[in-house]
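Architecture at a glance
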Amino acid sequence: MKPPICEICDKRMDEFDDCGLVYFKKRPSDLEWDKKAEQPGFVGHPPYAAWFCKEHYEEAKKFEHLTISEALQKIKEKT
Ligand SMILES: [Zn+2]
């Protein structure tokens, strides 16, 4: 897992209460990643998941049905 740094504003969260991890819709490449992640000893951060600070978490949640690249674009347009 990546350290909790907001994907939108780059704020680093020290308290996990201040942030949330959002899992977006998986792209074909993400399904490939999932297969690799099932192998023993694999450590990594899911490419379709991202951290958001308290301010951006609600917004990110609204777009979790989109892929991560689409969602980030939408959120950035709004902020
Ligand atoms: Zn943020």
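Here goes a summary of the coordinates provided.

What counts, and where the lines are drawn
- The numbers attached to residues start from 1 for each chain and follow its sequence in the written order.
- Two thresholds apply to this predicted model, a pLDDT of at least 70 for residue-level local features and 80 or more for giving and counting side-chain atom pairs, whereas whole-chain, interface and lining totals are computed over all residues.
- Only DSSP runs of H or I reaching four residues or more are called helices, and only runs of E reaching two or more are called strands; each is numbered from the N terminus.
- Two things to know: the radius of gyration comes from C-alpha atoms, and the globule rule equals 2.2 Å times the number of residues to the power 0.38.
- With C-beta atoms placed from the backbone, a residue is buried if 20 or more other C-beta atoms are within 10 Å of its own, exposed if 12 or fewer are, and partly exposed between those counts.
- It is the C-beta atoms, placed from the backbone, that decide contacts: two residues are in contact if theirs lie within 7 Å.
- What we call a nonpolar core is a set of buried Ala, Val, Leu, Ile, Met, Phe, Trp, Tyr and Cys residues whose membership is set by joining through C-beta atoms within 7 Å.

Take the overall build of the chain next. The helix and strand inventory of the chain stands at three helices and two strands. Secondary structure elements of the chain, listed N to C terminal, follow the sequence β-α-β-α-α. A compact globule built from 79 residues would reach a C-alpha radius of gyration of about 12 Å, and the chain, at 13 Å, matches this within 12%. Overall size of the chain, expressed as C-alpha extent along the three principal axes, is 35 × 25 × 15 Å. Evaluated residue by residue, the chain yields a buried proportion of 18% over its 79 residues. Partitioning the contacts of the chain with sequence separation of at least 6, the portion at a separation of at least 24 is 66%.

A few words on the nonpolar core. Among the nonpolar cores identified, the biggest contains twelve residues, and these are Cys6, Cys19, Val22, Phe24, Tyr48, Ala50, Trp51, Phe52, Cys53, Ala60, Ile68 and Ala71. Elements supplying a minimum of two residues to this core: strand S1 (19–23), strand S2 (49–53) and helix H3 (68–78). Among the elements that make up this core, the one with the highest residue count is S2 (four residues).

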